[in-house]
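What the coordinates show
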There are 2 protein chains.
Amino acid sequence: MYSKELLKGTLSVIILKLLSEHKRMYGYEIFKLVKERSDEKILLKDGSLYPALQKMNRDGLISFEKEYIGKRVRKYYYLTPEGESAKTTHIEELKDFMKTLDKIIFNQLNPI
Amino acid sequence: MYSKELLKGTLSVIILKLLSEHKRMYGYEIFKLVKERSDEKILLKDGSLYPALQKMNRDGLISFEKEYIGKRVRKYYYLTPEGESAKTTHIEELKDFMKTLDKIIFNQLNPI
DNA sequence: TTTAATACATAGAATTATGATGTATTGATA
DNA sequence: TATCAATACATCATAATTCTATGTATTAAA
């Protein structure tokens with residue numbers, strides 16, 4: 001597990017990216033995919049993931065459809081057109097930021 | 001300028017790294033070097049930098065010596081032994097985190 | 001039948017960067 | 001010489017975001 005603060009600013013980008021890959025995911029599914037791709041190093045907390053999804057919904061980046069699997073509720077989230085374009089700009093920003101960090105901390109590693 | 005949240009968790013690592021390179025720097029010098037290396041994209045605010053330095057001092061990672069250039073005060077900060085080892089672990093953590101982000105968001109770019 | 005996994009939620013705490021504001025010196029320029 | 005930009009520090013309230021703790025409830029497996 002990483003320092004709590006490192007995830008800040010990247011969680012929403014992660015969610016945008018995963019939704020753009022899968023079109024339709026529910027919270028717990030996002031949790032599992034992040035866990036898997038991060039080799040168990042990012043274990044999203046309920047208290048992080050669900051409020052984040054709600055905020056992104058309020059901000060118009062994602063919508064959801066409720067579905068009942070048996071009696072269990074699922075909220076399937078998907079990107080809105082706004083979310084789609086936010087994804088692109090936020091990923092670009094993150095990429096740029098990481099390149100900048102590389103330059104500052106790891107000393108011009110990526111000579112692109 | 002990047003989203004405010006992206007810097008969270010990385011500012012102290014940046015400071016640790018720059019101090020380990022230069023042995024001795026004052027706040028404004030750190031500001032200028034970060035500005036330069038980031039191509040003007042990270043412009044540390046007084047309200048971010050000075051409180052961060054004070055916190056790192058409280059945490060025992062850095063110390064300082066006051067110096068007077070004419071009548072102007074400067075606080076030259078330097079790494080303590082604790083700060084030296086914190087630097088190593090925090091940089092490793094950040095490197096690892098960035099690799100994980102690569103895997104999640106940019107899809108296995110660095111096949112190391 | 002008990003436990004782990006699934007699936008959602010909220011409230012309060014903690015952390016940290018920012019904005020706003022303040023003081024004061026120094027060098028350049030008009 | 002007067003003014004402005006740059007230098008150099010500081011604090012406080014605010015904003016944003018993740019985490020901890022807690023809660024409810026279903027389902028599958030042991």
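This one's a predicted model, so the numbers in the text were calculated from it and none came from an experiment. (Residues numbered from 1 in each chain as written. Chains lettered and ligands numbered in written order. Predicted model: local features only at pLDDT ≥ 70, side-chain atom pairs only at ≥ 80, totals over all residues. Heavy atoms only, no water.)

1. Observations regarding the UniProt feature "domain: Transcription regulator PadR N-terminal" (unreviewed entry) in chain A
To keep it simple, the criterion reads: UniProt positions are given in the numbering used here, feature names are shortened, and annotations may be inferred rather than shown by experiment. Numbering of helices and strands runs from the N terminus; a helix is a DSSP stretch of H or I covering at least four residues, while a strand is a stretch of E covering at least two.
Per the UniProt annotation, the sites labelled "domain: Transcription regulator PadR N-terminal" (unreviewed entry) are residues 15–86 of chain A. End C-alpha atoms of residues 15–86 of chain A are separated by 11 Å, and the span's content is 53% helix alongside 22% strand.

2. Details of the protein's contact with DNA strand D
This is how the line gets drawn: Nearness here has a simple test: a residue counts as near a molecule or strand if at least one of its heavy atoms is within 4 Å of that partner. Any N or O atom pair separated by 3.5 Å or less is treated as a polar contact, with the protein-specific requirement of one donor-capable and one acceptor-capable atom, and with residues adjacent in sequence counted only for side-chain atom pairs. In this count, Pro and Cys sit with the nonpolar residues alongside Ala, Val, Leu, Ile, Met, Phe, Trp and Tyr, while Asp, Glu, Lys and Arg are called charged and the others, Gly among them, polar.
Of all residues adjacent to DNA strand D, which total 26 residues, the nearest are Ser48(A), Arg72(A), Tyr28(B), Arg74(B) and Lys75(B). Counting only the atoms of DNA strand D that lie within 4 Å of the protein, the sugar and phosphate share comes to 72%. With respect to DNA strand D, the backbone of Gly27(B) contributes an N or O atom lying 3.2 Å from a phosphate oxygen. Interatomic distance of 3.4 Å between a backbone N/O atom of Val73(B) and a sugar or linking oxygen of DNA strand D. Listed by contribution, the elements that provide at least two residues to the surface near DNA strand D are α3 (46–58) of chain A together with α2 (27–37), α3 (46–58) and β2 (72–79) of chain B. Here the element with the most residues in the surface near DNA strand D is α3(B); it accounts for five residues. Split into classes, the residues belonging to the surface near DNA strand D amount to seven nonpolar, seven polar and 12 charged.

3. Quick notes on the pattern of salt bridges
Note the threshold: Here a salt bridge means any side-chain nitrogen of Lys or Arg lying within 4 Å of a carboxyl oxygen belonging to Asp or Glu. Note on exposure labels: buried denotes an accessible area under 20% of the residue type's maximum, exposed denotes more than 50%, and partly exposed covers the range between, all computed with a 1.4 Å probe on protein chains only.
The tally for this structure, following the rule as stated, stands at 20 salt bridges over all chains. Across the pair Lys103(B) and Asp39(A) runs a salt bridge, and its minimum N-O distance is 3.2 Å. In this pair, Lys103(B) sits in helix α4 (residues 81–105) while Asp39(A) sits in the loop between α2 (27–37) and α3, so the two residues belong to two different chains. For Lys103(B), a relative accessible area of 31% gives the class partly exposed. Asp39(A) sits in the partly exposed class, given a relative accessible area of 44%. Between Arg37(B) and Glu21(B) there is a salt bridge, with its nearest N and O atoms 2.5 Å apart. Placement of Arg37(B) in helix α2 and of Glu21(B) in helix α1 (residues 11–22) is noted, with a sequence separation of 16 residues between them. Using a relative accessible area of 16% as the deciding quantity, one classes Arg37(B) as buried. The partly exposed category is assigned to Glu21(B), whose relative accessible area is 28%. Ionic contacts of the salt-bridge type, sharing partners, join the residues Lys17(A), Glu21(A) and Arg37(A) into one network.

4. As for the protein's contact with DNA strand C
Lining the immediate environment of DNA strand C, one finds 26 residues, of which Tyr28(A), Lys75(A), Gly47(B), Ser48(B) and Arg72(B) sit closest. By atom count, sugar and phosphate contribute 72% of the portion of DNA strand C lying within 4 Å of the protein. One of the side-chain nitrogen or oxygen atoms of Tyr50(A) is found 3.1 Å away from a phosphate oxygen of DNA strand C. Secondary-structure elements contributing two or more residues to the surface near DNA strand C are α2, α3 and β2 (72–79) of chain A together with α3 of chain B. Looking at the surface near DNA strand C, the element that brings in the most residues is α3(A), giving five residues.

5. Let's talk about the pairing of β2(A)
Keep this limit in mind: The criterion for strand pairing is that DSSP finds at least two bridges linking the strands in question.
As paired elements, strand β1 (residues 62–69) of chain A and β2(A) share eight bridges and run antiparallel to each other. Bridging from a neighbouring strand, Glu65(A) pairs with Tyr76(A) of β2(A).

6. With respect to α3(A)
Residues and elements named next belong to chain A. Convention followed: Helix span is expected to be 1.5 Å times the residue number reduced by one. Note: the arc covers the axis-to-C-beta directions of the helix. Throughout, a contact is declared for two residues whenever any of their heavy atoms are within 4.5 Å.
Look at α3: 18 Å from first C-alpha to last across 13 residues, which is about the 18 Å you get at 1.5 Å a residue. Leu49, Ala52, Leu53 and Met56 are the residues of α3 that are buried. In a view along the axis of α3, the buried residues occupy a sector of 100°, so they form one face of it. In α3, the exposed residues that point more than 90 degrees away from the buried face are Asp46, Gly47 and Arg58. Tucked inside the fold, the buried residues of α3 contact α1 (11–22), α2, β1 and β2. A positive backbone phi angle near 80° is found at Gly60, which sits one or two residues after α3.

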